[in-house]
Amino acid sequence: MAPQAAAESAAAAAATATAAAAPSSATATATAPPAAQLATRDGGDGGSEQQQQHLQQHRPQQPAPAAATAQRYPAGSSSTCSGSSMDGSSQETGEAPPAAAAAATPAAVAPAAAAAAVAKPAAGISLGPHDKPKLSTVAPPEPQSPQQPPEQQQQQQPLQGWSPGRRLGMTLAAPLLAAYCCAAFGAAWLLTCTILPSYVLAQRLYWACPFIPHIWARLGPVAGTAARLGFEASHCINILTRLLTLPLRPHLPAFYILGFPKCGTTSLAEHLKHHPGLSATAGLPYHEALAKESHFFQGVYGRTHAHSRTLYRSCFPTVLTRWWHEVVRGAPAWACFDACPVNVCMPHTAERIRRLTPEAKFVVMLRDPVPGVFSAEIMMRDMGVPLTWSLMEPPQGEEDPRFTQVPAEVSALWRRLAALGPEEPLPRELPTTFYTQLGAVLQCGMYADLLRPYLDRFPKDSFMFVEFKQFTFNPEAVVRQVLQFVGMDAARYTHKPLPPAMKNNYGSRAMHPGVRAALARLYGGPGGPNRRLAALLAAWGQLPAELGWMGMEGA
Ligand SMILES: Nc1ncnc2c1ncn2[C@@H]1O[C@H](COP(=O)(O)OS(=O)(=O)O)[C@@H](OP(=O)(O)O)[C@H]1O
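Keep in mind the model is a prediction, meaning the values are calculated, not measured.

On average, residues of the chain score 75 in pLDDT, and 68% of them reach the 70 mark or higher. Low pLDDT (under 50) marks residues 1–70, which in the prediction has 143 contacts with non-local residues, meaning those over four places away or in another chain. Low pLDDT, under 50, characterises residues 75–154; the stretch is placed with 174 contacts to residues that sit more than four places away or in other chains.

As structure tokens, this is what we get:
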């Protein structure tokens, strides 16, 4: 691979020459300077002094980082995680969340104006057990209420698409560009036949997502080998096509869906893809998961390239896709997004995302971590990952170290990721420790601590928080709010229910009640991670109406 700087400037020049250039304006927050908006959508540098000033001005005061990597998990003395089915069963589906049911509209977010009614703690103050904010007064207002502060009204400004001239130019160039893409696909196919690129690229994918190879093993030797070869060939063709068409891929995401594993990010992304102006990452025909999440910052292009703007651009659709959406489907504007849930769990991603897309917005999905971690276990088991732990087995005594101590290996990994320079290679042990250790899975539920690197770097109005139950209770309402938040015209969205397969089947499997109690103590006790999250959201001015699992139901 050519040195990155040269490759990036060559690609940028090619992008200009092929009329794959920037649109006239872009998304991001309406308060952003226009140049920065362009940079976000089209992969420009985005690091100007003006933007830095903007970010500085909007950067909220945050508390000093908490001990996310402490050797001992934050203690909780009692189980207060009510309001959810702790076994993670799909009982959650369709169940009216109490607060949402009381509200006129089951909104995912109570914006700042409404949250002002709450006894707000100062930014960074952890709520103690005795100073709960009064949440009963928080009613989610209509998203486009005229009483909203100007900052929020501006947020909902729609995106702007290509100018009529550019649309016409693109329409004339479309056949040529399509021919170029077909040629690139053919070349990628031929290269794949030589096997070597297929092998090399698959190794990188398997390094970043080590659970994938287990899927083949479950299918048996013959079917498993056939499936694996097909998958690897398809992956190779797709990645090579992406790279060969780089000049046609100037886009970077306008927003990210940050979720914690099993928070409903796939469903939200699927719904958003039904909007004519939105696309997720450029997908693989044989691996639908990567059509939603790039896994770029987890090293899907190799551990030394998880910061390259050029390579990140390759993960998103071409100008032809944009042309299709804006000209053929008639969307007024188009944008793409990355819905990789594990981004937020890894502390190094916030700074890399800031450098690549400083004006990005974030839709943060939150779920009670107790059913969330069980759902994660079930997913890994169903994929055939050999886990050395199980939440279905009883805990080892009252103070089971699995739920009270952070394993040294896990805390060391999180510390290393937090200290990682923005262009440094990812730690070698990252995927195996992250995906197989119970301690790592549990760490992913420490939402407040994991969000902090993002909240420290991006302006307040870049975040929208979506609570899982409210989303599953009324997905359409939440999707429309998300569309407004990211600047899309929600009126153009047609809601289609997703196939039931999007919901996991636990069968007869259930979390052991003792484990459930231990997890509830870990996350839900006074001063524990859930309380810290609620305090953070209150300080942030955004309180989801459903806060039961954050220990706020009695407020
Ligand atoms: N509409 C709706 N209703 C009810 N439940 C829903 C819905 N959409 C997603 N889900 C549940 O979300 C869980 C999957 O979350 P993710 O897609 O974020 O998973 S992943 O991290 O991307 O693998 C998974 O949770 P579990 O069922 O507990 O495993 C899905 O069932």
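To continue, consider the UniProt feature "active site" (unreviewed entry) in the chain. Mapped onto the present numbering, the UniProt feature "active site" (unreviewed entry) falls at K262. Summarising the element assignment, K262 is placed in the loop between strand 1 (255–259) and helix 11 (265–273).

Attention now goes to helix 7 (residues 164–193). Over its 30 residues, helix 7 extends 42 Å from the first C-alpha to the last, a length consistent with the 44 Å expected when each residue adds 1.5 Å. Its maximal kink placed at A174, helix 7 deviates by approximately 50°, while the proline P175 follows within four residues. Those residues of helix 7 that fall on the buried side of the exposure criterion are M170, A174, L177, C181, A184, A188 and T192. Its buried side turned inward, helix 7 meets helix 8 (196–208), helix 10 (221–244) and helix 13 (319–328). Looking at the residues trailing helix 7, positive phi occurs at I195, about 70°.

Let's shift gears to the nonpolar core. In terms of nonpolar packing, the biggest core is built from 122 residues, with F260, L272, F362, L366, L391, F434 and L519 touching the most fellow members. Look past the residues within four positions of F362 in its chain and what remains in contact with it is Y256, L258, I353, Y454, F458, S462, F463, M464 and F485. W162, L177, L248 and V319 belong to the second-largest nonpolar core, a separate cluster that totals nine residues.

The next subject is the environment of P347. Mapping P347 onto the fold places it in the loop between strand 3 (335–338) and helix 14 (349–356). When neighbours within four sequence positions are excluded, P347 is seen to be in contact with W414, L417, A418 and P453.

So, on to the pattern of salt bridges. With the rule as written, the count across this model stands at 16 salt bridges. A salt bridge links R532 to D449, with the shortest nitrogen-to-oxygen separation between them at 2.7 Å. Within this pair, whereas R532 is found in helix 24 (residues 529–540), its partner D449 is found in helix 20 (residues 447–457), the two being separated by 83 residues in sequence. D449 shares its class with R532; the two are buried. A salt bridge links E476 to R480; the shortest N-O distance between them is 2.8 Å. You can see E476 and its partner R480 sitting in helix 22 (residues 475–485), four residues apart, about one turn around the helix. Within the structure, one salt-bridge network assembled from shared partners comprises R167, R322 and E326.

Basis of the calculations
Residues numbered from 1 in each chain as written. Predicted model: local features only at pLDDT ≥ 70, side-chain atom pairs only at ≥ 80, totals over all residues. Heavy atoms only, no water. pLDDT = per-residue confidence, 0-100. Contact = heavy atoms within 4.5 Å. UniProt positions renumbered as here; feature names shortened; annotations may be inferred. Helix = DSSP H or I, 4+ residues; strand = E, 2+ residues; numbered from the N terminus. Expected span 1.5 Å × (residues − 1). Bend = angle between axes of the 7 residues up to and from the residue. Buried < 20%, exposed > 50% of the residue type's maximum accessible area, 1.4 Å probe, protein only. Core = buried A, V, L, I, M, F, W, Y, C linked by side-chain atoms within 4.5 Å. Salt bridge = Lys/Arg side-chain N within 4 Å of Asp/Glu carboxyl O.

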